Amino acid sequence: RKEVEQDPGPFNVPEGATVAFNCTYSNSASQSFFWYRQDCRKEPKLLMSVYSSGNEDGRFTAQLNRASQYISLLIRDSKLSDSATYLCVVTAPAKIIFGKGTRLHILP
Amino acid sequence: EAQVTQNPRYLITVTGKKLTVTCSQNMNHEYMSWYRQDPGLGLRQIYYSMNVEVTDKGDVPEGYKVSRKEKRNFPLILESPSPNQTSLYFCASSFVGSGINLYFGPGTRLTVT
């Protein structure tokens, strides 16, 4: 099983819709969890951290399920500008592991 | 402005010609790292450094060298580049702690012919 797995997509979603995607991780000792956003050919940038209690930042909600070892990202009222690749990042002792990313296309 | 800078941004070179990609950060971060990104393979870590004079191999270190003589700089050295090192390279830095927020440089697109 890969350390961090994501559905590569692409997810083609109409503007205004709600979209959600998950990321699973294999190491039960994983400590911290993040979602990064990467626009085409640009550097990844931190979108949000993910906490066990769940956290929300505007239209974005992230959740962590330690028992099932997955994190999720929900985007409400999607905008054209949300089109990007979303990378799941998991840290374990002395290690930062990136998922390969999920591509999201918001359609006008 | 807090940032990570990389130079050059674009480089086309020939097999075997030694090159260095520089990385510098102005945030006093202890942790610095190099990644390469290839289609279908995602971001793969080449080397990382937890602090000055402390470097460790990542997942794909073969063919690369690094050094960390100063806190702000973490150059990536390709002693004898080969075509399979054609890739998009990112440098990143962060403070060391439980909530790692990696700041990435803008990337260096390297082509080895």
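Residues numbered from 1 in each chain as written. Chains lettered and ligands numbered in written order. Predicted model: local features only at pLDDT ≥ 70, side-chain atom pairs only at ≥ 80, totals over all residues. Heavy atoms only, no water.

Here we take up the interface of chain A and chain B. Between chain A and chain B, the contact holds 16 residues from the first and 19 residues from the second. Both sides of the chain A and chain B interface together cover about 1400 Å² of buried area, and 56% of this is carbon and sulfur. At the surface where chain A touches chain B, the tally comes to three residue pairs in polar contact (both at pLDDT 80 or more). Of all the secondary-structure elements, those providing two or more residues to the side of chain A that touches chain B are β4 (32-38), β9 (84-92) and β10 (95-98) of chain A. Counting residues per element, the side of chain A that touches chain B draws most heavily on β4 of chain A, at four residues. For the side of chain A that touches chain B, a count of residues per class yields eight nonpolar, three polar and five charged. (Contact = heavy atoms within 4.5 Å. Buried area = accessible area lost by both parts, 1.4 Å probe. Polar contact = N/O pair within 3.5 Å; in protein donor to acceptor, adjacent residues only side chain to side chain. Helix = DSSP H or I, 4+ residues; strand = E, 2+ residues; numbered from the N terminus. Nonpolar A, V, L, I, M, F, W, Y, C, P; charged D, E, K, R; others polar.)

Once that is clear, we can look at the sheet that holds strand β3 (residues 19-25) of chain B. Residues and elements named next belong to chain B. If you trace the four strands from one edge of the open sheet to the other, you get β1-β3-β8-β7, paired in antiparallel fashion. The outermost strands of the open sheet, each flanked by one partner alone, are β1 (4-7) and β7 (65-66). In this sheet, strand β8 (residues 76-78) lies alongside β3 in antiparallel orientation, the contact comprising three bridges. Considered in β8, the bridge of V21 is made with L76. (Pairing = 2+ DSSP bridges.)

The next point concerns the state of the cysteines. Disulfide: a covalent bond formed between the sulfur atoms of two cysteine residues. Residues and elements named next belong to chain A. One pass over the structure, following the stated rule, counts two disulfides over all chains. Bridging C23 to C88, the disulfide has an S-S length of 1.9 Å. On the sign convention where negative is left-handed, the bridge of C23 and C88, at about -65° about the S-S bond, is left-handed. You can see C23 sitting in strand β3 (residues 19-25) and its partner C88 sitting in strand β9, a full 65 residues away along the chain. Its relative accessible area of 0% is what places C23 among the buried residues. (Disulfide = S-S within 2.5 Å. Buried < 20%, exposed > 50% of the residue type's maximum accessible area, 1.4 Å probe, protein only.)

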